[in-house]
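Structural overview
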Amino acid sequence: MSIALQLRGIEKRFGATPVLRDVDLAVRAGERHALIGPNGAGKSTLFSLIAGAQRASAGRIELMGEDTTRLSCAALARRGLARSFQTTSVFARLSVLDNMRCAVLASRRGWGGCVDRWIGSRHVDARATQVLEAIGLSAFAEHAAGMLSYAEQRALDLGLALAGGAHTLLLDEPTAGMNRAESARAIELIRSVSAGKTLLIIEHDMDAVFSLADRVSVLVQGRVIATGTPEAIRADAAVREAYLGSGVGQ
Ligand SMILES: Nc1ncnc2c1ncn2[C@@H]1O[C@H](COP(=O)(O)OP(=O)(O)OP(=O)(O)O)[C@@H](O)[C@H]1O
Ligand SMILES: [Mg+2]
């Protein structure tokens, strides 16, 4: 089975403070892999390193077998990696469709020099419309994104990450701040749009994690303390002690 994303010996320090310590992680191509752990464990920092937004202090990152440890966000995006953030990041005053057009434009190679050619292009519009359809927001295409409900804005956020056709998705707490019904719908959406892709998802909602993930890794104080199937993680004594607590996930 091929590995989409491989981390070896990842360390990250902010000044003298170690935040990630000797992190090894292998995400298989096409799997849905959840990263869980307490607040401050280093989950979002790990995403920043994978996505090229920050540099690891030590260690190696490979995407589809290529050493990407020192690549920029833009270079990683061109190689098919997309990331959504813990907080919603849509352009509130732009229409939903224009938000999507921006994301499609930004994902086009060499767009900087010939943006005029792309703006209004049928290819950009077709792709933007296709992604809106996939995330269920077609009916809101002409609405200002800021007028959408919170859950809809998170769906749009997901669509922005998908716009460039990435094969590997990093989603940071996509259901944060949602009620149970919204969260369940968001997880179904993620399940459908991630079909055939590799997904690494940070998620606190254990029902969501255990229903969505093929495998789960647990990060505690900057270390991966366990990786396994949802069933194995649920039954792991060290994980229960460090994170799940008694009664959670039963
Ligand atoms: N730029 C930075 N400079 C200094 N410390 C940082 C920086 N970014 C994160 N940290 C620290 O690193 C630790 C890990 O933070 P991180 O945001 O990665 O945790 P997390 O697991 O995503 O937590 P949460 O579940 O709350 O989102 C925290 O103690 C945080 O304060
Ligand atoms: Mg975080």
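Residues numbered from 1 in each chain as written. Chains lettered and ligands numbered in written order. Predicted model: local features only at pLDDT ≥ 70, side-chain atom pairs only at ≥ 80, totals over all residues. Heavy atoms only, no water.

Going by the annotation in an unreviewed UniProt entry, the name recorded for the chain is ABC transporter ATP-binding protein, with Paraburkholderia dinghuensis given as the source organism.

1. A closer look at the pattern of salt bridges
The cut-off we apply is this: Salt bridges are counted wherever a side-chain nitrogen of Lys or Arg sits within 4 Å of a carboxyl oxygen of Asp or Glu. Put simply, DSSP H or I for four residues or longer makes a helix, DSSP E for two residues or longer makes a strand, and each gets a number counted from the N terminus. For each residue, the accessible area found with a 1.4 Å probe, counting protein chains only, is set against the maximum for its type, and the residue is called buried under 20%, exposed over 50%, and partly exposed in between.
The final tally for this structure, using the stated rule, is 9 salt bridges. As a salt-bridge pair, Asp98 and Arg101 come within 2.6 Å of each other at their nearest N and O atoms. Taken together, the residues span about one helical turn, with Asp98 and Arg101 both in helix α3 (residues 96-107) at a distance of 3 residues. When its relative accessible area of 27% is taken as the criterion, Asp98 is described as partly exposed. Where Arg101 meets Asp125, a salt bridge forms, and the shortest distance between an N and an O atom there is 2.7 Å. Residue Arg101 is located in helix α3, and its partner Asp125 is located in helix α5 (residues 122-134); the two are separated by 24 residues in the primary sequence. A residue is classified by how much of its surface remains accessible, and Asp125, at 23% relative accessible area, is partly exposed.

2. Describing the packing of aromatic side chains
Note the following rule: Pairing of aromatic rings covers Phe, Tyr and the six-membered ring of Trp, with a centre-to-centre limit of 6.5 Å; geometry is then stacked below 30 degrees between planes, edge-to-face above 60, and tilted otherwise. For a lysine, the NZ atom is tested; for an arginine, the CZ atom; a charge sits over a ring if that atom is within 6 Å of the ring centre and within 35 degrees of the ring normal.
Counted by the stated rule, this structure contains 0 aromatic pairs. The ring of Phe210 carries Arg234 above its face, with NZ or CZ at 4.3 Å from the centroid.

3. A closer look at the site of ligand 1
Stated precisely, the cut-off is as follows: Residues are classed as near a molecule or strand on a simple rule: at least one heavy atom within 4 Å of it. Throughout this description, a polar contact denotes any pair of N or O atoms lying within 3.5 Å of each other; where both atoms belong to protein, one of them has to be capable of donating a hydrogen while the other can accept it, and for residues adjacent in sequence the pair is counted only when both atoms sit in side chains. All accessible areas in this document rest on Shrake-Rupley with a 1.4 Å probe, and a residue is counted as covered only by the protein chains that are shown.
Taken together, 13 residues surround ligand 1, and among them Gly40, Lys43, Ser44, Thr45 and Gln86 come closest. In the environment of ligand 1, an oxygen atom lies 3.0 Å from a nitrogen or oxygen atom belonging to the backbone of Gly42. For ligand 1, the accessible surface in isolation is 640 Å², of which the surrounding protein chains cover 58%. Ranked by residue count, the leading element in the shell around ligand 1 is helix α1 (residues 43-50), at 3 residues.

4. Examining unusual backbone geometry
Both trends apply: most residues other than glycine have a negative phi, and most peptide bonds are in trans. Phi at Glu173 is positive, roughly 50 degrees, even though this residue is not glycine. Counting through the fold element by element, Glu173 comes out in the loop between β7 (168-172) and α7 (180-193). Residue Glu173 is classed as buried on the basis of its relative accessible area of 10%.

5. Digging into the side chain of Ser95
Just so we agree on the cut-off: We call two residues contacting when some pair of their heavy atoms lies within 4.5 Å.
With respect to the secondary-structure elements, Ser95 resides in the loop between β6 (81-84) and α3. Note on Ser95: relative accessible area 12%, which makes it buried. The contact partners of Ser95, leaving out residues within four places of it in the chain, are Ala141, Glu142, His143, Ala144 and Ala145.

6. Some thoughts on the side chain of Asn99
In this structure, Asn99 sits in helix α3. Within polar-contact distance, the side chain of Asn99 engages the backbone nitrogen of Phe91 at 2.7 Å. If sequence neighbours within four positions are ignored, Asn99 has contacts with Val90, Phe91, Leu94, Ala145, Leu156 and Leu160.

7. Describing the sheet that holds β7
Just so we agree on the cut-off: Paired strands, as defined in this entry, are two strands with at least two bridges between them according to DSSP. Only the stretch in contact is used when fitting a helix axis, every axis being a line fitted to C-alpha atoms; angles between N-to-C directions are given from 0 to 180 degrees.
Read across the sheet, 6 strands follow the order β6-β7-β8-β3-β9-β10 without closing on themselves; strand pairing throughout is mixed. Looking at strand neighbours, the two that pair on one side only are β6 and β10 (223-228), the edges of this open sheet. Averaged over all neighbouring strand pairs, the angle between strand axes comes to 15 degrees, with direction disregarded. Note: strand β9 (residues 215-220) against β10, 5 bridges, orientation antiparallel. Paired with Val216 across the two strands is Gly228, which belongs to β10. Here helix α6 (residues 150-162) sits on the sheet in contact with β6 and β7, set at roughly 150 degrees to β7.

8. Structural notes on the domain arrangement of the chain
By a widespread convention, an interface's size corresponds to the accessible area lost as its parts come together. Convention followed: Annotation comment: domain bounds sourced from an automatic or database domain assignment. Summed over both partners, the accessible area (1.4 Å probe) lost when two parts come together is defined as the buried area.
Domains assigned within the chain are domain 1 (1-78 + 169-176 + 202-250) and domain 2 (81-165). Computed from C-alpha coordinates alone, the two centres of domain 1 and domain 2 are separated by 27 Å. Counting residues at the interface gives 17 residues for domain 1 and 12 residues for domain 2. Summed over both partners, the interface of domain 1 with domain 2 comes to about 1300 Å²; 53% of that surface belongs to carbon and sulfur atoms.

9. Quick word on α1
The α-helix winds at 3.6 residues per turn, so residues separated by three or four positions along the chain end up facing the same way. Most of α1 sits out of view: 7 of its 8 residues are buried. For α1, the complete set of buried residues consists of Lys43, Thr45, Leu46, Phe47, Ser48, Leu49 and Ile50. Once α1 finishes, Gly52 follows within two positions and takes phi at roughly 85 degrees, a positive value.

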